[in-house]
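# Geometric and topological summary
Chain by chain, the residues:
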Amino acid sequence: MQFIKIILVALVFIVNLTIAQPSWAGKDFTKGTDYTEVTQELNQLLTVKDNPEQAGYTPEQFQARLSQLQSQKYVIETARKRAQCFNQTGKTLGIYANKPKKYPTQLYFLAAGEITDDDWDCDGIYLPAGTQVVLSPNTEVQELTQPIAVKFVDGTQSIARSNPATGAIELNIAPAKVFKAGEGNWLLPTLSQADIDAQVPSPQIID
């Protein structure tokens, strides 16, 4: 009888290892919509690699977009925790976040020096009109004439910081998408930086 119990316990243990993902295992973001979209666009882009002008790209633009998509794919494949946003701008930052299976993506406010909790997905950042911003490394400063939302793929560890020399907000990683009002599914209110600074930071998203 004792032997049968041992066999049953062993079988249950084996089944759990086979079916259930161990709690210590990293998260798999390759089953999400971000990975599907990035992979599809990457595959489509590769079909015109010999004639990039067919897709409206110069050779340089084609290579830049290809590198960007490959980088996004790598981030999703190697990520072991949810996307997080780190605010090093010295002021309050508007961020888009969701808590899987609990709260949909909406606008929250992240205080200076804070990082979002990794129980949440930090999907992107809200940037108001008038913001001086560098949207990706090695690009020029631009001043926004209207508010935008920048979106990051699953697993991205994004940092927004202020350049001490120019005052511009710089992103450490190029966004996957940039939305203006009327584009995408996110609400883009008309807020100034002063309006954002006046908001009470959202405590539920803090790590």
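The structure under discussion appears in the preceding block.
Note that this is a predicted model, so its numbers are computed, not measured.

Positioned with a positive phi, Lys101 is a non-glycine residue whose angle comes to about 70 degrees. Mapping Lys101 onto the fold places it in the loop between strand 2 (93-99) and strand 3 (103-110). Even without being glycine, Asn138 reaches a positive phi, approximately 70 degrees. Looking at where Asn138 falls in the secondary structure, it is placed in the loop between strand 5 (132-134) and strand 6 (142-143). Given the relative accessible area of 83%, Asn138 is considered exposed.

What follows deals with the pattern of salt bridges. Going through the model one piece at a time under the given rule, you end up with six salt bridges. Where Asp34 meets Lys151, a salt bridge forms, and the shortest distance between an N and an O atom there is 2.9 Å. One end of the pair, Asp34, is in helix 2 (residues 33-46); the other, Lys151, is in strand 7 (residues 148-151), and 117 residues separate them in sequence. Residue class for Asp34 comes out buried when judged on its relative accessible area of 8%. Taking the shortest distance from any N to any O, the salt bridge between Arg65 and Glu41 comes out at 2.9 Å. One end of the pair, Arg65, is in helix 3 (residues 59-78); the other, Glu41, is in helix 2, with 24 residues separating them in the sequence. Looking at Arg65, the relative accessible area reads 16%, which means it is buried. By relative accessible area, which is 28% here, Glu41 ends up partly exposed.

Further remarks concern the side chain of Asp117. Along the polypeptide, Asp117 turns up in the loop between strand 3 and strand 4 (121-127). Lacking a salt bridge, the buried Asp117 has Lys99 as its closest oppositely charged neighbour, with an N-O distance of 6.9 Å. The residues touching Asp117, leaving out its near neighbours within four places in the chain, are Gln84, Ile205, Ile206 and Asp207.

Here strand 7 shows two buried faces, one formed by Ile148 and Val150 and the other by Ala149 and Lys151. Strand direction decides the pairing type here: strand 7 and strand 10 (residues 177-180), joined by four bridges, are antiparallel. Within the sheet, the bridge partner assigned to Lys151 lies in strand 10 and is Lys177.

Among the nonpolar cores identified, the biggest contains 20 residues, and Ile95, Ile125, Leu127, Leu135, Val150 and Leu171 are the most heavily contacted of them. Of all the secondary-structure elements, those providing two or more residues to this core are strand 2, strand 3, strand 4, strand 7 and strand 9 (169-171). In contact with Leu135, not counting residues within four places along its chain, are Leu127, Gln142, Ile148, Val150, Leu171, Ile173, Ala174, Pro175 and Val178.

Basis of the calculations
- Residues numbered from 1 in each chain as written.
- Predicted model: local features only at pLDDT ≥ 70, side-chain atom pairs only at ≥ 80, totals over all residues.
- Heavy atoms only, no water.
- Helix = DSSP H or I, 4+ residues; strand = E, 2+ residues; numbered from the N terminus.
- Buried < 20%, exposed > 50% of the residue type's maximum accessible area, 1.4 Å probe, protein only.
- Salt bridge = Lys/Arg side-chain N within 4 Å of Asp/Glu carboxyl O.
- Lys, Arg positive; Asp, Glu negative; His and termini not counted.
- Contact = heavy atoms within 4.5 Å.
- Pairing = 2+ DSSP bridges.
- Core = buried A, V, L, I, M, F, W, Y, C linked by side-chain atoms within 4.5 Å.

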